[in-house]
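Chain residues, written in single-letter form:
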Number of protein chains: 2
Amino acid sequence: MAIDEKRFLADLHKLREFGASGVGKGVVRPAFSDADTAARRWLSSRMQEAGLQPHFDPVGNLFGLAQGPSLLMGSHSDSQPEGGWLDGALGVIAALEIARASDRPISVVSFQDEEGRFGVTTGSAIWSGGLKLSDADALTDHAGTTLAAARASMRNLTQGFVDPGQFTGFIEMHIEQGPSLDTAGDLIGVVTDIVGIRDMVICFEGQQNHAGTTPMHLRRDAFQALSLFNSEIATRFQNVVTPQTVWTIGHVDLHPNASSIVPGRARFSMQWRDQDSDRLMRMEQIIRETAQKIADRSGMALSFGPLLGLEPVAMDKSLQKRLETGAQRVAPGKWRHMPSGALHDATNVARLMPVAMLFVPSINGISHDFAEDTSEDDLIAGLRVLEIAAKS
Amino acid sequence: MAIDEKRFLADLHKLREFGASGVGKGVVRPAFSDADTAARRWLSSRMQEAGLQPHFDPVGNLFGLAQGPSLLMGSHSDSQPEGGWLDGALGVIAALEIARASDRPISVVSFQDEEGRFGVTTGSAIWSGGLKLSDADALTDHAGTTLAAARASMRNLTQGFVDPGQFTGFIEMHIEQGPSLDTAGDLIGVVTDIVGIRDMVICFEGQQNHAGTTPMHLRRDAFQALSLFNSEIATRFQNVVTPQTVWTIGHVDLHPNASSIVPGRARFSMQWRDQDSDRLMRMEQIIRETAQKIADRSGMALSFGPLLGLEPVAMDKSLQKRLETGAQRVAPGKWRHMPSGALHDATNVARLMPVAMLFVPSINGISHDFAEDTSEDDLIAGLRVLEIAAKS
């Protein structure tokens, strides 16, 4: 049976109705939100129609299981607080279409909280044994909700964890989320490896005080400590990073966050990514040393949250070869090997079985944004490469 | 009739029950909150018992009016999001006690939103004509609520604006909110002038993007622009400021504020204070130039909110003299002249009539914090100085 491109695109557009932002094709579908759970219920009905056995595990990962040993395909259907319609969703819907069309057994998965409301690729991290459920349950989102409380909302849907032994390997199709393919005019990226990531919450605690009567030299202003930390690590990183290394302070929470009060506390996220584990560790040392130096110098209390992260992972050579074969047939001369700067569930699944990844272009490299998009021709090209890989 | 110190302290402690934080003696009583409105209702009943005519004006300023021409005393009963029990409240309750005890006509006032939920000393600014009600109605708090919406909640209590012509002058007693009196062991500060203040919201808008796939050199990270702005103004200010000058970035709002997303927008508060208007203006030029330079350099959109502020104000010499007489009698050799680094309603009232101010010590100089406090002996010393000033 051949793949049905119209059905594939129709399902993709149907999925973005869950949590539709009303801005472009964007979606607001963070893990365990009402929109996310509704989308997973719809996906499970689609899996059933495709002859797969739907199965929610205790953390909300949704599997569509084929009979006997099978190749697993998929990604995640949760989104960032402001997400694009394809990020994750594309890999899940493409896997569903391949499962329908393939004469070989294909199972489908939509992992939970890949976008890290609670941690980093939380659902696949727990399933793969990279994160203990008991530890994960204590993780909180920025509003202070625990994962334990969030996943309790799906209790009526969930069963036990799925045995990974039934899967022969995992292939994840995803948008690139960067500018490389789009600017080069290539249609397909065959991933060679996925960069590692570290993520940590840091908190400076100084002295909250009156913004008019506290002389500058007597202040212990937590925002000033954050600003100084930000500029000093940038300087110290210059000696260790490569052009591919990235780091981000994306979340900042000042207390009490009022214009007439010297901020007494600054809690913020520090995230860094690189292909080399040693470099990630050297950056961690710089981060801890610099924060400690600033805290000591400015008389502040300093605390670090748990270090979350994933190691860099190389893709499986034989699965990668099957994707290369497909890429060469579908887009001769218009595909490339490339690393993934973004983190993916495949990183976790690699603990359990051989994994490979396939990228399609992101227009202007935009992602994690309502404006994220990919041409439908490119989406279909990716689907066809996946079909060939599933057959070979 | 003599002042009743026990009644004065009992009223002070009663007032802190409205919005009690449960942490020390702290209060959470921002303007127009349920706790603030309940406190004002209680104050108006106390004014009535004292033989004063309670009167809420359209912005929630509460007056207790004596018959005929009178001296006005008071301060404000709203608090910061995390406030102390005395800030503002002390001046209102002290005025109430003086009005009860004095044989001369004393009127009492509790101004609304001195702490600037919507602007800067909003209630007295509007009453004094420094801020037009129609302009003020459009001001919003950090949650986006307008003053118009907030004051509508008190509509059933309010009457017209009070005619300032009936007041012969205004005396405001307040805690110092700084360390000077406490460290010097002085009991009383007679204020010579109040510093000027400027307050403005600034917003950098760059490009929200994926924190893993967007190379550092291609980012337009709004937090990085804020951090750079913060360090560059500190450098440029060195040529302009005095040891008394202060500036604060106390409120920061990143968007979308997620650890895996390069922040696309940073909206923050910039506040600066000094005794000299020209210096305040030179600092404004540096702020605008520096922000524009950074926005141009990093390809960001830049916007400035309305510039809120108050000019430096000198206290009235003859009212000041009456406070000096009281201070010399109550605390011979243990009082001083001093400027006010904090902003007060007296700054606005000075547009309408002669004003003077009296400070009592703040323990460790702490204020705008639940830990703010002053010894009861010092509170009573201040009350006695106020009594003498009212008689002389």
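Residues numbered from 1 in each chain as written. Chains lettered and ligands numbered in written order. Predicted model: local features only at pLDDT ≥ 70, side-chain atom pairs only at ≥ 80, totals over all residues. Heavy atoms only, no water.

### Focus: the overall build of chain A
Logical step 1: Scanning chain A for helices and strands turns up twelve helices and 17 strands.
Logical step 2: By residue count, 61% of the 392 residues in chain A fall in the buried class.
Logical step 3: In chain A, once contacts between residues fewer than 6 apart in sequence are set aside, the share between residues at least 24 apart is 78%.
Logical step 4: Here chain A contributes 36 positively and 47 negatively charged side chains, and the mean placements of these two sets differ by 1 Å. (Helix = DSSP H or I, 4+ residues; strand = E, 2+ residues; numbered from the N terminus. Buried < 20%, exposed > 50% of the residue type's maximum accessible area, 1.4 Å probe, protein only. Contact = heavy atoms within 4.5 Å. Lys, Arg positive; Asp, Glu negative; His and termini not counted. Charge placed at Lys NZ, Arg CZ, Asp CG, Glu CD.)

### A look at the interface of chain B and chain A
Logical step 1: Chain B puts 53 residues into the contact, and the matching count from chain A is 53 residues.
Logical step 2: For the pairing of chain B and chain A, the buried interface totals around 4,600 Å² over both sides, and the portion due to carbon and sulfur atoms is 48%.
Logical step 3: The tally of links from chain B across to chain A stands at zero salt bridges.
Logical step 4: Taken together, chain B and chain A are joined by 26 residue pairs in polar contact (both at pLDDT 80 or more).
Logical step 5: Of all the secondary structure elements, the ones that give two or more residues to the side of chain B that touches chain A are strand E8 (209-210), helix H8 (222-237), strand E9 (246-248), strand E10 (252-255), strand E11 (261-262) and strand E12 (265-274) of chain B.
Logical step 6: The leading source of residues in the side of chain B that touches chain A is H8(B), at five residues.
Logical step 7: Looking at side-chain class alone, the side of chain B that touches chain A contains 19 nonpolar, 28 polar and six charged residues. (Buried area = accessible area lost by both parts, 1.4 Å probe. Salt bridge = Lys/Arg side-chain N within 4 Å of Asp/Glu carboxyl O. Polar contact = N/O pair within 3.5 Å; in protein donor to acceptor, adjacent residues only side chain to side chain. Nonpolar A, V, L, I, M, F, W, Y, C, P; charged D, E, K, R; others polar.)

### A word on the packing of helix H2 (residues 34-49) of chain B against helix H3 (residues 89-101) of chain B
All names here are of chain B.
Logical step 1: Where H2 contacts H3, the axes come no closer than 10 Å and their chain directions differ by 15°. On the basis of the axis angle, H2 is roughly parallel to H3. The way H2 lies across H3 gives a crossing that is left-handed. Touching Trp-42, Leu-43, Arg-46 and Met-47 of H2 are Val-92, Ile-93, Leu-96 and Arg-100, all from H3.
Logical step 2: Among the residues making up the contact of H2 with H3, the classes are represented as six nonpolar, no polar and two charged. (Axes fitted to C-alpha atoms, helices over the stretch in contact; angles between N-to-C directions. Parallel < 35°, antiparallel > 145°, perpendicular 65-115°, else oblique. Left-handed = near helix turned anticlockwise from the far one by under 90°.)

### Structural notes on the relation of the copies chain B and chain A
Logical step 1: Turning chain B through 180° and shifting it by 0.0 Å along the axis lays it on chain A, with an RMSD of 0.1 Å. Both copies are brought into coincidence by an operation consistent with a two-fold rotation axis. Taking the C-alpha atom as reference, chain B places Ser227(B) closest to the rotation axis, 2.6 Å from it.
Logical step 2: An overlap of 100% is found between the interface residues of chain B and their copies at the interface of chain A, pointing to a shared contact surface. (Least-squares fit on C-alpha atoms with pLDDT ≥ 70 in both.)

### Points about helix H12 (residues 376-391) of chain A
Residues and elements named next belong to chain A.
Logical step 1: The terminal C-alpha atoms of H12, which comprises 16 residues, lie 23 Å apart, in line with the 22 Å expected from a rise of 1.5 Å per residue.
Logical step 2: By the criterion of burial, H12 is predominantly enclosed, with twelve of the 16 residues buried.
Logical step 3: Residues Asp-378, Leu-379, Ile-380, Ala-381, Gly-382, Leu-383, Val-385, Leu-386, Glu-387, Ile-388, Ala-389 and Ala-390 constitute the buried set of H12. (Expected span 1.5 Å × (residues − 1).)

### Description of the side chain of Asp199(A)
Logical step 1: Its location among the elements puts Asp199(A) in strand E7 (residues 196-205).
Logical step 2: Within the structure, Asp199(A) has its side chain in polar contact with the side chain of Gln271(A) (distance 2.7 Å).
Logical step 3: Contacts of Asp199(A), omitting those with residues within four sequence positions, involve Val120(A), Met270(A), Gln271(A), Trp272(A), Pro306(A), Leu307(A), Leu308(A) and Ser259(B).

### So, the pairing of strand E5 (residues 167-175) of chain A
Residues and elements named next belong to chain A.
Logical step 1: By the criterion of burial, E5 is predominantly enclosed, with eight of the nine residues buried.
Logical step 2: The pairing of strand E3 (residues 70-76) with E5 spans four bridges and is classified as parallel. When the sheet's bridge partners are listed, Ser-70 is paired in E5 with Phe-167.
Logical step 3: Direction of pairing for E5 relative to strand E17 (residues 355-360): parallel, over a ladder of six bridges. (Pairing = 2+ DSSP bridges.)

### Thoughts on the environment of Asp78(A)
Residues and elements named next belong to chain A.
Logical step 1: Inspection of the secondary structure puts Asp-78 in the loop between E3 and helix H3 (89-101).
Logical step 2: Here Asp-78 falls in the buried class, since its relative accessible area comes to 0%.
Logical step 3: Spatially, the C-alpha atoms of Asp-78 and Asn-239 are 37 Å apart, while their sequence positions differ by 161 residues.
Logical step 4: What Asp-78 contacts, discounting residues up to four positions off in sequence, is Arg-29, Pro-30, Ala-31, Asp-36, Arg-40, Asp-87, Phe-111, Gln-112, Asp-113, Glu-114 and Glu-115.
Logical step 5: In terms of polar contacts, Asp-78 uses its side chain to reach the backbone amide nitrogen of Asp-113, at 3.4 Å.
Logical step 6: Side-chain polar atoms of Asp-78 contact the backbone nitrogen of Glu-115, separated by 3.1 Å.

### Looking at the packing of H3(A) against H12(A)
Residues and elements named next belong to chain A.
Logical step 1: Relative to each other, H3 and H12 sit at 50°, their axes nearing to 10 Å. Taken together, H3 and H12 sit at an angle that is classed as oblique. In this structure, H3 meets H12 at a crossing whose hand is right-handed. Where H3 abuts H12, its residues Leu-90, Ala-94, Glu-97 and Ile-98 lie against Leu-379, Leu-383, Leu-386, Glu-387 and Ala-390.
Logical step 2: Its residues placed into classes, the contact of H3 with H12 shows seven nonpolar, no polar and two charged.

### Here we look at the layout of surface pockets
Logical step 1: Estimated volume of the largest pocket: approximately 930 Å³.
Logical step 2: Surrounding the largest pocket, 47 residues form its lining, Gly116(A), Arg117(A), Thr140(A), His142(A) and Ser259(B) being those nearest its centre.
Logical step 3: Only E7, strand E12 (265-274) and strand E13 (301-304) of chain A provide two or more residues apiece to the lining of the largest pocket.
Logical step 4: The leading source of residues in the lining of the largest pocket is E7(A), at six residues.
Logical step 5: When the residues that make up the lining of the largest pocket are grouped by side-chain class, the tally is 18 nonpolar, 20 polar and nine charged. (1 Å grid on protein atoms, 1.4 Å probe; cavity = no way out; pocket = protein on both sides within 12 Å on 5 of 7 lines; lining within 4 Å. Points joined across faces, edges and corners; volume = space filled by probe spheres on them.)

### Here we look at empty space enclosed by the protein
Logical step 1: Summed over all chains, the structure comprises four cavities of 30 Å³ or more.
Logical step 2: If you go around the largest cavity, you meet 22 residues; those closest to its centre are Ser260(A), Glu114(B), Glu115(B), Arg273(B) and Leu343(B).
Logical step 3: Among the elements of the structure, strand E7 (196-205) and E12 of chain B are those that each provide at least two residues to the lining of the largest cavity.
Logical step 4: For the second largest cavity, the calculated volume is near 40 Å³.
Logical step 5: As for the second largest cavity, its lining consists of Met1(B), Ile3(B), Ile98(B), Ala101(B), Ser102(B), Glu387(B), Ala390(B) and Lys391(B).
Logical step 6: Contributing elements (two or more residues each) for the lining of the second largest cavity: H3 and helix H12 (376-391) of chain B.
Logical step 7: A total of three residues in the lining of the second largest cavity trace back to one element, the largest contributor, which is H12(B).
Logical step 8: Of the residues in the lining of the second largest cavity, the class split is five nonpolar, one polar and two charged.

### Brief notes about the confidence of the model for chain A
Logical step 1: Summarising the model, chain A shows a mean pLDDT of 95, and 100% of its residues fall at 70 or more.
Logical step 2: Under the prediction, the complex receives an ipTM of 0.74, its pTM being 0.74. (pLDDT = per-residue confidence, 0-100.)

### Some points on the pattern of salt bridges
Oppositely charged side chains can form a pair if their charged atoms are brought close together.
Logical step 1: Counted under the stated rule, the structure contains 42 salt bridges over all chains.
Logical step 2: The shortest N-O distance in the salt bridge between Arg336(A) and Asp186(A) comes to 2.9 Å. With Arg336(A) in strand E16 (residues 335-340) and Asp186(A) in the loop between helix H7 (180-184) and strand E6 (188-194), the pair connects residues that are 150 residues apart, well separated along the chain.
Logical step 3: The buried category is assigned to Asp186(A), whose relative accessible area is 12%.
Logical step 4: Between Arg117(B) and Asp141(B) there is a salt bridge whose closest N-O contact spans 2.9 Å. Here the residue Arg117(B) occupies a position in the loop between strand E4 (106-111) and helix H4 (122-127), and Asp141(B) occupies one in the loop between helix H5 (133-136) and helix H6 (147-152), the gap between them amounting to 24 residues.
Logical step 5: A relative accessible area of 28% places Arg117(B) in the partly exposed class.

### A few points about unusual backbone geometry
Residues and elements named next belong to chain A.
Logical step 1: Omega for the peptide link from His-255 to Pro-256 comes to 5°, which places this bond in the cis form.
Logical step 2: Within the secondary structure, Pro-256 is located in the loop between strand E10 (252-255) and strand E11 (261-262).
Logical step 3: The phi torsion at Asn-364 lies on the positive side, around 60°, for a residue other than glycine.
Logical step 4: By the secondary structure assignment, Asn-364 is in the loop between E17 and H12.
Logical step 5: What makes Asn-364 exposed here is its relative accessible area of 57%.
Logical step 6: Within the chain, His-368 stands out as a residue other than glycine whose phi angle is a positive 50°.
Logical step 7: Looking at where His-368 falls in the secondary structure, it is placed in the loop between E17 and H12.
Logical step 8: A relative accessible area of 3% means that His-368 is categorised as buried.

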